[in-house]
Structure formats: structure tokens, C-alpha cells
Amino acid sequence: FDRDHDGILWPQDTFVGFYRLGCGLFFSAFAVLVIHINFSYPTCSGWLPDPYFRLFLNNVHRARHGSDTGTYDTEGRFTPSKFEEIFTKYAEGRDYLTVGDLVNVLKGQRNINDPIGMCGFIFECKLSHS
């Protein structure tokens, strides 16, 4: 989505990215609101929020939610063993996940005290199947 490769994701970058994925005007605009309102502040380098709701990609690891799979650690590094663990636990021997498997991943990884994270996971799953 960062087409100019400056490490900053502006709301319009997100809109264009989702629109190019074929998500339509409404969903693309909705995605901008959800993503930038929730994740702009955690990615800022200071205490003041960004007035343009930009995402700073060098700090995007700060925007992890509690109901995620743990395939990326708190410093943003990919953890292959955690990724493989998802398939071991939920794919039933296949090398792909079905929608039902993703529902089971959500149930297995959810943190009951993280409703925003659970909604984010559902949002991500819906996007990947639209």
C-alpha cells in the first residue's frame, strides 16, 4: 500500500490499496476509518497523535492486537514456527486454511479482553474472502 516507499501510510494510500484489491468504494472508505483511527496513534513516535492519522510503518509492530496469532513478535519480526503452528493446529493436515479453519483460529486465539482485536481479526478474514 505504501506506493511511494516512504514508510508512511496515509489514509489515501490505504483507500487506494483496498480499492485496487477490488473492495469497492464503501468498504475501502470503511477500512480507512477502522485502520487509521485504531492504529495511527500506536505507530506515532511521540506522545502526540498524528493530526493526519498516518501510519508510521517502522512502528507498526506497536499496533498488534491481543487476539492475533503471534506470527509476528512485539518487535515486528516474523516467527516461522508460530506460522507453522497455525497449520498444525487448524488445517487438519492440509497446506491451506478454509473459512471454517479461520473461524477456529479466531476461537482458539481470541483474547476475551480484546474485543477490538477480535473484530480486527474478523475484518481481516472477511477481507481475504471478499
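Preceding this paragraph is the structure being described.
About the cut-offs
Residues numbered from 1 in each chain as written. Predicted model: local features only at pLDDT ≥ 70, side-chain atom pairs only at ≥ 80, totals over all residues. Heavy atoms only, no water. Helix = DSSP H or I, 4+ residues; strand = E, 2+ residues; numbered from the N terminus. Buried < 20%, exposed > 50% of the residue type's maximum accessible area, 1.4 Å probe, protein only. Contact = heavy atoms within 4.5 Å. Areas by Shrake-Rupley, 256 points an atom, 1.4 Å probe, with all protein chains shown as cover. Phe/Tyr/Trp six-rings, centres within 6.5 Å; stacked < 30°, edge-to-face > 60°. Lys NZ or Arg CZ within 6 Å of the ring centre and 35° of its normal. Salt bridge = Lys/Arg side-chain N within 4 Å of Asp/Glu carboxyl O.

Caption draft 1: Highlighting the overall build of the protein chain. Within the protein chain, the secondary structure is distributed over five helices and two strands. Ordering the α and β elements of the protein chain from the N terminus gives β-α-α-β-α-α-α. Considering the protein chain as a whole, with its 130 residues, one finds that 34% of them fall into the buried category. Look at the contacts in the protein chain between residues 6 or more apart in sequence, and 33% of them connect residues 24 or more apart. Total accessible area computed for the protein chain in this model is approximately 8,600 Å², and 62% of it derives from carbon and sulfur atoms.

Caption draft 2: Highlighting the packing of aromatic side chains. Throughout the structure, instances matching the rule amount to seven aromatic pairs. Seen from their ring centres, Trp-10 and Tyr-52 are 5.6 Å apart, and the 40 degrees between their planes marks the pair as tilted. Taken together, the residues span a long stretch of sequence, with Trp-10 in the loop between β1 (8-9) and α1 (11-20) and Tyr-52 in the loop between α2 (24-43) and β2 (55-56) at a distance of 42 residues. Feature note: the residues Phe-1, Phe-18 and Phe-27 constitute an aromatic cluster, connected by ring pairs. Across the ring face of Trp-10, the terminal group of Arg-54 is positioned such that the distance to the ring centre comes to 4.8 Å.

Caption draft 3: Broad picture of the pattern of salt bridges. If you walk through the whole model with that rule in mind, you get four salt bridges. The residue Arg-3 makes a salt bridge to Asp-13 at a minimum N-O spacing of 3.8 Å. Here Arg-3, found in the segment before β1, pairs with Asp-13, found in helix α1; they are ten residues apart in sequence, far enough to count as distant. Note on Asp-13: relative accessible area 8%, which makes it buried. Among the salt bridges present, the one from Glu-92 reaches Arg-94, with a minimum N-O distance of 3.6 Å. A single salt-bridge network, built from bridges that share partners, covers Glu-92, Arg-94 and Asp-101.

None of the figures reported here should be taken as evidence of function without further support.
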